[in-house]
Amino acid sequence: MSSLKVFDKTGAAKGEVKISDDLLTLTRGTQALKDVVVAYRNAGRGGNASTKNKSAVAGTGAKPWAQKGTGRARAGYKQSPIWRGGGVAFGPHPRSYEQKVNRKTAQLAFRRAASEKIADGGLRVIDGIEFEESKTKYAVSFLKSLEVTGPVLLVLAKAHIPTALAVRNLKRVEIVEVSSLNTYQLLRYPTVLIDKDAVPALEGRLGKESEGAA
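Residues numbered from 1 in each chain as written. Predicted model: local features only at pLDDT ≥ 70, side-chain atom pairs only at ≥ 80, totals over all residues. Heavy atoms only, no water.

*Asks:* Even after reading the chapter, I still don't get the environment of isoleucine 175, so can you show me in this structure?
*Replies:* Looking at the element boundaries, isoleucine 175 is found in strand β5 (residues 173-177). Accessibility expressed as a relative area gives 24% for isoleucine 175, which makes it partly exposed. The spatial distance from the C-alpha of isoleucine 175 to the C-alpha of valine 192 is 9.9 Å, given a sequence separation of 17 residues. (Helix = DSSP H or I, 4+ residues; strand = E, 2+ residues; numbered from the N terminus. Buried < 20%, exposed > 50% of the residue type's maximum accessible area, 1.4 Å probe, protein only.)

*Asks:* Whenever I open this one, the sheet that holds strand β6 (residues 191-195) confuses me. Can you help?
*Replies:* Strand pairing within a sheet occurs via backbone hydrogen bonds; the two strands may be parallel or antiparallel. The sheet built from six strands is open, its strands ordered β2-β1-β3-β6-β4-β5 with mixed pairing. Looking at strand neighbours, the two that pair on one side only are β2 (13-19) and β5, the edges of this open sheet. Direction aside, the axes of adjacent strands within the sheet are offset by 30° on average. The pairing of strand β1 (residues 2-7) with β2 spans five bridges and is classified as antiparallel. Note that in β2 the partner of serine 3 across the bridge is lysine 18. (Pairing = 2+ DSSP bridges. Axes fitted to C-alpha atoms, helices over the stretch in contact; angles between N-to-C directions.)

*Asks:* Just to check I follow, could you spell out helix α1 (residues 30-43) for this structure?
*Replies:* An α-helix turns once every 3.6 residues. As a result, residues three or four positions apart point the same way. Here α1 contains 14 residues, and its C-alpha end-to-end distance of 20 Å stays within 8% of the 20 Å for a straight helix at 1.5 Å per residue. Those residues of α1 lying buried are Ala32, Leu33, Val36, Val37, Ala39 and Asn42. (Expected span 1.5 Å × (residues − 1).)

*Asks:* I'm lost on the pattern of salt bridges in this one. Help?
*Replies:* Where charged atoms from two side chains of opposite charge approach closely, those side chains can pair. Counted according to the given criterion, the structure contains four salt bridges. Here aspartate 127 makes a salt bridge to lysine 14, at a shortest N to O gap of 2.9 Å. Of this pair, aspartate 127 sits in the loop between β3 (123-126) and α3 (136-145) while lysine 14 sits in strand β2, and the two are 113 residues apart along the sequence. Owing to a relative accessible area of 30%, aspartate 127 belongs among the partly exposed residues under this scheme. Ionic pairing is found between glutamate 133 and lysine 135, a salt bridge with its closest N-O pair at 3.6 Å. Judged by relative accessible area, glutamate 133 falls into the partly exposed class, the value being 37%. Lysine 135 sits in the partly exposed class, given a relative accessible area of 37%. (Salt bridge = Lys/Arg side-chain N within 4 Å of Asp/Glu carboxyl O.)

*Asks:* Sorry, what's going on with the packing of aromatic side chains here?
*Replies:* Given two aromatic rings, their pairing is described by the distance between the two centres and the angle made by the two planes. If you walk through the whole model with that rule in mind, you get three aromatic pairs. Ring geometry for phenylalanine 131 and phenylalanine 142: centres 5.5 Å apart, planes at 70°, overall edge-to-face. Note that phenylalanine 131 is positioned in the loop between β3 and α3 and phenylalanine 142 in helix α3, a separation of 11 residues in sequence. For phenylalanine 131, a relative accessible area of 4% corresponds to the buried category. For phenylalanine 142, a relative accessible area of 2% corresponds to the buried category. The positively charged end of arginine 72 is found above the aromatic ring belonging to tryptophan 65, 3.6 Å away from the centroid. For the cation-ring pair, arginine 124 lies above phenylalanine 7, with the distance from its terminal atom to the ring centre recorded as 5.4 Å. (Phe/Tyr/Trp six-rings, centres within 6.5 Å; stacked < 30°, edge-to-face > 60°. Lys NZ or Arg CZ within 6 Å of the ring centre and 35° of its normal.)

This is the structure we're talking about:
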């Protein structure tokens, strides 16, 4: 069993929670991590770069000058890619960068990322992250009490509007529901603060990979 200390909003210890080692994966899944992160980042690409080829450039079909007798190189049309203002040869066109990742690969990657975060102490359990009022000063005081200075991810059991509003003005702070937590977020943030009420849901997601492999 892996033990995680539980802290309150002031940073004081309030016991611990245990996560079964059967739910953790630390010996495989590195390739799955790469595949999922690359697919996630590619999905965020616009893919809207566009250029005109010679057939899309407006212009006449007449030859710029006679084929022979001018002493100049022959030219057939002004839309040629070798001319300024002409078309672009092999230029980019709108496309989708989306990559398919199968379900088991995604589950393995999530399990490996979460396991590493638990093993290296980057995941901290907080007894009650939610704030009663949507004021930034409460979020600042909360992070200061926990001695969190770098980028941090807050994981809640369910959406809580006042808490989301309290942290939205803070740089390098993101908030997410445990059901929407993804592999990229676990890898991106060195510190992850998870609400104690969200831990059972996290354990449920960690258990899905082993269920699917059975």
